Amino acid sequence: MTIAVEKVLYTARATAEGGRDGRTATDDGKLDVIVAPPKELGGSGDGTNPEQLFAAGFASCFHSALKTVARKTRQDVDGSTVTAEVGIGPINGGTGYGLEVALVVSLPGLERAAAEELVAKAHEVCPYSNATRGNIKFTLTVA
């Protein structure tokens, strides 16, 4: 099932040169990074890799969704964190590569049941959650 955006509110644009061993920059100049494969994938590990960028984006986006849901339900999430782990590995007998994501959400000061409910609601709001739902292995843990 394809999820259609009703109205595009913002569009990010980035251009990559050299693939996993090159440079990626946004058209507004706010992001300009040297990318390199990690040592585990045969690279130098001297640059940022796409999985790190995806992990940073997912963690930031999910945390914003969490704060939005908390604000609407008048819950305090000060001191909360979201950690994203993005793994890459072979799929289909080694003919391609796939991703998996694990999010760990820390909500100090909230009772466990309230924290789990808030995280579940954020998972419905977060665009990254909606984009990956049902497409990759995904785990969501409340720490």
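How each quantity is defined
Residues numbered from 1 in each chain as written. Predicted model: local features only at pLDDT ≥ 70, side-chain atom pairs only at ≥ 80, totals over all residues. Heavy atoms only, no water. Phe/Tyr/Trp six-rings, centres within 6.5 Å; stacked < 30°, edge-to-face > 60°. Helix = DSSP H or I, 4+ residues; strand = E, 2+ residues; numbered from the N terminus. Buried < 20%, exposed > 50% of the residue type's maximum accessible area, 1.4 Å probe, protein only. 1 Å grid on protein atoms, 1.4 Å probe; cavity = no way out; pocket = protein on both sides within 12 Å on 5 of 7 lines; lining within 4 Å. Points joined across faces, edges and corners; volume = space filled by probe spheres on them. Nonpolar A, V, L, I, M, F, W, Y, C, P; charged D, E, K, R; others polar. Domains from an automatic or database assignment. Axes fitted to C-alpha atoms, helices over the stretch in contact; angles between N-to-C directions. Left-handed = near helix turned anticlockwise from the far one by under 90°. Contact = heavy atoms within 4.5 Å.

Peer 1: Sorry if this is basic, but what is going on with the packing of aromatic side chains here?
Peer 2: Both the distance between ring centres and the angle between the ring planes are used here to describe each pair of aromatic rings. Taken as a whole and assessed by the stated rule, the structure comprises four aromatic pairs. Geometrically, the ring pair formed by phenylalanine 54 and tyrosine 128 is tilted, given 5.8 Å between the ring centres and 40 degrees between the ring planes. Residue phenylalanine 54 is found in helix H1 (residues 50–72), and its partner tyrosine 128 is found in helix H3 (residues 127–132); the two are separated by 74 residues along the sequence. The exposure class of phenylalanine 54 is partly exposed, given its relative accessible area of 24%. Each member of the aromatic cluster is reached from another via a ring pair, and the members are Phe54, Phe58, Tyr128 and Phe138.

Peer 1: Teacher, can you tell me more about the layout of surface pockets here?
Peer 2: Vacant regions in the atomic arrangement are exposed by a probe of water-molecule size rolled over the atoms. Volume-wise, the largest pocket comes out at about 420 Å³. Surrounding the largest pocket, Met1, Thr2, Ile3, Ala4, Val5, Val125, Pro127, Tyr128, Asn130, Ala131, Arg133 and Asn135 form its lining. The leading source of residues in the lining of the largest pocket is H3, at four residues. Looking at side-chain class alone, the lining of the largest pocket contains eight nonpolar, three polar and one charged residues. Of the domains in this structure, domain 1 (1–48) and domain 2 (49–142) are the two that each give at least three residues to the lining of the largest pocket. Lining the second largest pocket, in full, are Val5, Glu6, Lys7, Val8, Leu9, Tyr10 and Ala12.

Peer 1: How should the packing of H1 against helix H2 (residues 112–125) be read in this particular structure?
Peer 2: Each pair of packed helices can be summarised by the angle the axes make with each other and by the distance between the axes. At a closest axis distance of 8 Å, the pairing of H1 and H2 adopts a crossing angle of 115 degrees. When you trace H1 past H2, the crossing you get is right-handed. Seen from H1, the contacting residues are Phe62, Ala65, Leu66, Val69 and Ala70; seen from H2, they are Leu118, Val119, Lys121, Ala122, His123 and Val125. Class assignment of the residues belonging to the contact of H1 with H2 gives a composition of nine nonpolar, one polar and one charged.

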